[in-house]
2 protein chains.
Amino acid sequence: MTPEQFRTIGYRLVDWIAEYRANLPSRCVMSNERPGAIREKLASFPPYSGDEFDAVLADFERVIVPGITHWNHPSFFASAPSSTSLAAVLGELLASGLGVSCTTWHASPAGTELEELVMDWFRQMLGLSDAFHGVIHDSSSTAALVAALCARERATDDQRLGAGLHASSPLTAYTSDQAHGCVEKALLLAGIGRQHIRFIETDERYAMRADLLRTRIEDDIRAGMLPCVVVATIGTHDTAGVDPLVPIGRVASRYGVWLHIDAATAGAAMVAPECRPHWTGIESADSLAVDLHRWLGAGMDCTAYYVRDTDRLQRVMSTSHHGTMDDETTSYRHWGIPSDRRFRALKCWFLLREQGTNGLIERVRRDIQHAKWLEAQVRKADGWEVAAPVLFQTVCVRHIPHGLSSAEITSAEIDQHNLRWVERVNESGKAYLTSTLIDGRRVARISIGAEATELSHIRDLWALMQQCAGAR
Amino acid sequence: MTPEQFRTIGYRLVDWIAEYRANLPSRCVMSNERPGAIREKLASFPPYSGDEFDAVLADFERVIVPGITHWNHPSFFASAPSSTSLAAVLGELLASGLGVSCTTWHASPAGTELEELVMDWFRQMLGLSDAFHGVIHDSSSTAALVAALCARERATDDQRLGAGLHASSPLTAYTSDQAHGCVEKALLLAGIGRQHIRFIETDERYAMRADLLRTRIEDDIRAGMLPCVVVATIGTHDTAGVDPLVPIGRVASRYGVWLHIDAATAGAAMVAPECRPHWTGIESADSLAVDLHRWLGAGMDCTAYYVRDTDRLQRVMSTSHHGTMDDETTSYRHWGIPSDRRFRALKCWFLLREQGTNGLIERVRRDIQHAKWLEAQVRKADGWEVAAPVLFQTVCVRHIPHGLSSAEITSAEIDQHNLRWVERVNESGKAYLTSTLIDGRRVARISIGAEATELSHIRDLWALMQQCAGAR
């Protein structure tokens, strides 16, 4: 493709995205394709000769778009937000056009220095002290793995430089029974067996019980175990529960255990100073992760990972052959797993410059107000229950069929009813939300945070929920 | 930013990229910024209010662009190619505009099915059997880690479900003394201590000696070790050496050791059938990785990882809580480390459709011919030596100062001379290459593979090399 052809098609795709975003509300949120339907419409064999790009774009419209679930739709309330602000789209476009690797400073000085800059800007926006230094990973899952590996190496006095993990004492790790599955996965991949992962019970607000954490660590030490890492969560996936960092930090510090904070979605709220009491004690963390690609709009895949001990991080994530530092410059390949690194800082910089601290604060506040508004409607409506405290942008609700008290209907029937009305909402195409199990009960989970979502969309959702639940 | 503002600025950035690519030859390849200079020109504090995008773009031109080393420049010969074809830039733009996460099939059916499709197309293009199934990882480094983790779990009968790695027999791992640093890093992160990583010696063609591999595995088994994984390389980083897969595969199979193939750069050559003898025996691999973002032009960060035992991959990369399979559909989050996954298949599909198998074959052949042409010039020039066999797109050369034989000058002086002339090439801004150590001797390393590189650029490079080395 020549630059002139690129210009012509590039204009068309810019137009396509502008129209797509402008007209998103008119699309069905969730794709209704059946499994396999998309592949059936596409050739099984690669083309021998190149195609005209018009044919490719026609197939994109005909086959791919109907198979898309629209995460940037104002009525997307499933999973977690994957908001991609248009400023970030432009940053990704330019980064892709440049096509550099940000593996070392020398590979492209601006790539490394802009990553240092935006990570430091974002640190300030979150109200973190300058003891934390940031790097971009692809996801909070990867960040949890990096934290677990650094914790393992600290606890075992760098076993990797000796005989390996088989030669160390049995390591134990701690997280809550509400932690995201990626935390357990990270601990398992780090070589800590499932028998030695402690899922600490949570209280009625779905927050880790620090007293039980302490007891468990002490029991493990008495049993000859080597407690290695605590992963606490700010904003659990299901209910947005908040683990109490002050007592957890005290326990971690007392027993020399690495404290990692998974603040994937809710961490973004800390740009608003009034939210920061939720993570009081954050300075006791050894590392923490906040997704920029969820609530804040930087677009997949872009997680800010902050760590205090950058020397350890670099030692663990490099090899002796290549040294920890090439020279006085930063080599981000020694701050994470991949050697080849995309220029993700550019889209972050575009986003932060275009929206400003204030823009992000206002968006986060708006979405929390939306969640509170929905909570208030649910609380005052007959037959509806709020199933978990609403702290950020996640609202969990349950509906008891009209005219019945919970004594007249089994819990399994209520679960089925809630599952069904959520399905009806999704099948309508007008909104998309998911359900989850809380304390063994099926509840609907509304996760707010697409950039385009205004109060009107929440009002429409509430009306749709009541209609689909047969509540009016 | 409104869709209309996006349209206006999007056009400008499309224009910028078109002009950037068209005029790349006139730019200095390597940035000459000094460390810290870029951050000094940018505000240390995040803006409170959003900026006009014009100001952001002005800063991009003024501060960022001078700090860019141009990996898509036709005279970029450093490291490995990071070619980003304009078709891939368009795919990244659209994927970013859609902003979906390809974590499960349900998250966006087209995201998963297109990834299945392009991974299968690319499998066919590489001449691999349909016993291999593909997934996109960010890099070959991550792919090596995933392979090491799966190998560890197979060797230890899934220790992660029990007491953890500390309870298993001591694991050993094998790679060559020419393997990329990311292989050792992956093995260390998997919990195999450095004392148990065997760097098997290579022959005069920088290929792993399978006889020594076998001896070493047998010695380790006798010593009570548990051999876990062999990582062989097709196209080592320094010299593009090729490990002999037939005897290595035989040894791995005999002792039940996982065989992973790192074919990060050179694997791309296998789209050309005449190159496939270089990886005869590939079907004995348990897993292999080829970067699509290097030689082939899919743009950072996009590695094809192929594996035979997808059940094991999914079991290792998921948790029991979440099951290995959600239903009959593919959940790629259970095929790798991150939960959130960008829609990378779209740019791959654009690239493969636009260029066709034939387009990629012709490009790979062209670049290999360029390497052979340069090799031929070096061989017939006085004072120049070819330092390693030229099999693909990498050429390693050494120059002995004019009029001297190597008896009249110390090896250290020759090393210094070669370091200096490479620096002079780079400082000229007309080309960018690196040097490396082979058998303890400093050599210049020319890695060919930018999409824009034609024979004229290789001719210019050769003239520049001779000039900078004082060879004419």
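Here the structure is a predicted model, which means the values were calculated and not measured. (Residues numbered from 1 in each chain as written. Chains lettered and ligands numbered in written order. Predicted model: local features only at pLDDT ≥ 70, side-chain atom pairs only at ≥ 80, totals over all residues. Heavy atoms only, no water.)

Residues and elements named next belong to chain A. In terms of domains, chain A is made up of domain 1 (1-30 + 69-84 + 359-472), domain 2 (38-65) and domain 3 (100-342). Look at where the C-alpha atoms of domain 1 and domain 2 centre, and you get two points 32 Å apart. Of the residues lining the interface, seven residues belong to domain 1; the matching set on domain 2 comes to six residues. On the domain 1 side of the contact with domain 2, Ile9, Arg12 and Trp16 bury the most area, a combined 62% of that side's loss. For the interface between domain 1 and domain 2, the tally reads one salt bridge. Across the pair aspartate 54 and arginine 12 runs a salt bridge whose closest N-O atoms are separated by 2.6 Å. On the surface where domain 1 and domain 2 come into contact, there are two residue pairs in polar contact (both at pLDDT 80 or more). Broken down by class, the residue content of the side of domain 1 that touches domain 2 amounts to four nonpolar, one polar and two charged. (Domains from an automatic or database assignment. Contact = heavy atoms within 4.5 Å. Buried area = accessible area lost by both parts, 1.4 Å probe. Salt bridge = Lys/Arg side-chain N within 4 Å of Asp/Glu carboxyl O. Polar contact = N/O pair within 3.5 Å; in protein donor to acceptor, adjacent residues only side chain to side chain. Nonpolar A, V, L, I, M, F, W, Y, C, P; charged D, E, K, R; others polar.)

This brings us to the packing of aromatic side chains. Overall, the coordinates contain 20 aromatic pairs over all chains when judged by the stated rule. Taken together, Trp16, Tyr20, Phe53 and Phe60 of chain A together with Trp349 and Phe350 of chain B form an aromatic cluster joined through their ring pairs. Taking NZ or CZ as reference, arginine 308 of chain A lies 5.0 Å from the ring centre of phenylalanine 132 of chain A, over its face. (Phe/Tyr/Trp six-rings, centres within 6.5 Å; stacked < 30°, edge-to-face > 60°. Lys NZ or Arg CZ within 6 Å of the ring centre and 35° of its normal.)

On to the sheet that holds strand S10 (residues 434-438) of chain A, then. Residues and elements named next belong to chain A. Taking strand neighbours across the sheet as the criterion, the four strands line up as S8-S9-S11-S10 in an open arrangement whose pairing is antiparallel. On the outer flanks of this sheet lie strand S8 (384-386) and S10, each paired with one strand and no other. Here the strands of the sheet are splayed against their neighbours by 40 degrees on average, with no regard to which way each runs. The sheet contact formed by S10 and strand S11 (residues 441-447) spans five bridges and is antiparallel. Across the sheet, residue leucine 437 finds its bridge partner in S11, namely arginine 442. Contacting S8, strand S9 (394-399), S10 and S11, helix H12 (residues 411-427) runs over the sheet at an angle of about 125 degrees to S9. (Pairing = 2+ DSSP bridges. Helix = DSSP H or I, 4+ residues; strand = E, 2+ residues; numbered from the N terminus. Axes fitted to C-alpha atoms, helices over the stretch in contact; angles between N-to-C directions.)

A few words on the pattern of salt bridges. Under the criterion given, the structure shown has 76 salt bridges over all chains. One salt bridge in this structure joins arginine 62 of chain B and aspartate 59 of chain B, with 3.1 Å as the shortest N-O distance. Placement of the pair is arginine 62 of chain B and aspartate 59 of chain B together in helix H3 (residues 53-64), with a separation of three residues, close to one helical turn. Of the residues examined, aspartate 59 of chain B reaches a relative accessible area of 16% and is grouped as buried. Within the structure, one salt-bridge network assembled from shared partners comprises Glu92, Asp301, Arg342, Arg344 and Lys347 of chain A together with Glu92, Asp301, Arg342, Arg344 and Lys347 of chain B. (Buried < 20%, exposed > 50% of the residue type's maximum accessible area, 1.4 Å probe, protein only.)

The next point concerns the relation of the copies chain A and chain B. For the pair chain A and chain B, the superposition axis carries a translation of 0.0 Å, the fit reaches an RMSD of 0.0 Å, and the rotation angle comes to 180 degrees. Interpreted geometrically, this transformation is the action of a two-fold axis. Closest to the rotation axis within chain A is the C-alpha of histidine 166 of chain A, separated from it by 1.8 Å. The fraction of interface residues of chain A whose copies in chain B are also interface residues reaches 100%, indicating that both copies meet through the same surface. (Least-squares fit on C-alpha atoms with pLDDT ≥ 70 in both.)

This next bit is on the packing of helix H1 (residues 3-22) of chain B against H3 of chain B. All names here are of chain B. With their axes 12 Å apart at the nearest point, H1 and H3 run at an angle of 15 degrees to one another. Judged by the angle between their axes, H1 and H3 are roughly parallel. For the pair H1 and H3, the crossing hand works out as right-handed. Every residue of H3 that contacts H1 at Ile9, Arg12, Leu13 and Trp16 is listed here: Phe53, Asp54, Leu57, Phe60 and Glu61. Residue composition of the contact of H1 with H3, by class: six nonpolar, no polar and three charged. (Parallel < 35°, antiparallel > 145°, perpendicular 65-115°, else oblique. Left-handed = near helix turned anticlockwise from the far one by under 90°.)

Residues and elements named next belong to chain B. Under the 1.5 Å per step criterion, the end-to-end length of helix H13 (residues 455-468) is 20 Å for 14 residues, consistent within 8% with the ideal 20 Å. Among the structural elements, helix H11 (345-380), strand S8 (384-386), strand S9 (394-399), helix H12 (411-427) and strand S11 (441-447) are those in contact with the buried residues of H13. One or two steps after H13, the chain reaches glycine 470, where phi turns positive at roughly 70 degrees. (Expected span 1.5 Å × (residues − 1).)

With that settled, the discussion passes to the nonpolar core. Core analysis: the biggest nonpolar cluster contains 200 residues, and Trp279, Phe343 and Trp349 of chain A together with Trp279, Phe343 and Trp349 of chain B have the highest contact counts within it. Not counting residues up to four positions away in its chain, the partners in contact with tryptophan 349 of chain B are Leu42, Val56, Asp59, Phe60 and Ile64 of chain A together with Leu114, Leu117, Val118 and Trp121 of chain B. Residues Cys150, Tyr305 and Met317 of chain A together with Ala147 of chain B belong to the second largest nonpolar core, which totals 72 residues. (Core = buried A, V, L, I, M, F, W, Y, C linked by side-chain atoms within 4.5 Å.)

Tracing the backbone through its elements, the reader meets isoleucine 400 of chain A in the loop between S9 and H12. Isoleucine 400 of chain A gets classed as buried once you look at its relative accessible area, which sits at 9%.

So, about the interface of chain A and chain B. Often, the extent of an interface is quoted as the loss of accessible area upon association of its parts. Every contact between the two is made by 147 residues of chain A and, on the other side, 147 residues of chain B. Interface of chain A and chain B: buried area, both sides summed, is about 12,800 Å²; carbon and sulfur atoms make up 63% of it. Linking chain A with chain B are 14 salt bridges. Along the contact surface separating chain A from chain B lie 72 residue pairs in polar contact (both at pLDDT 80 or more). Listing elements by their share of the side of chain A that touches chain B, those giving two or more residues are helix H1 (3-22), helix H2 (37-40), helix H3 (53-64), helix H4 (86-98), helix H5 (109-125), helix H6 (140-155), helix H7 (181-189) and helix H11 (345-380) of chain A. The biggest single contributor to the side of chain A that touches chain B is H1 of chain A, with 16 residues.

Another aspect to go through is the side chain of threonine 436 of chain B. Residues and elements named next belong to chain B. Considering the arrangement of structural elements, one finds threonine 436 in strand S10 (residues 434-438). Threonine 436 gets classed as buried once you look at its relative accessible area, which sits at 11%. Engagement of the side chain of threonine 436 in a polar contact is seen with the side chain of aspartate 238, the distance being 3.0 Å. Apart from the residues lying within four places of it in its own chain, the contact partners of threonine 436 are Asp238, Arg441, Arg442, Val443 and Arg445.

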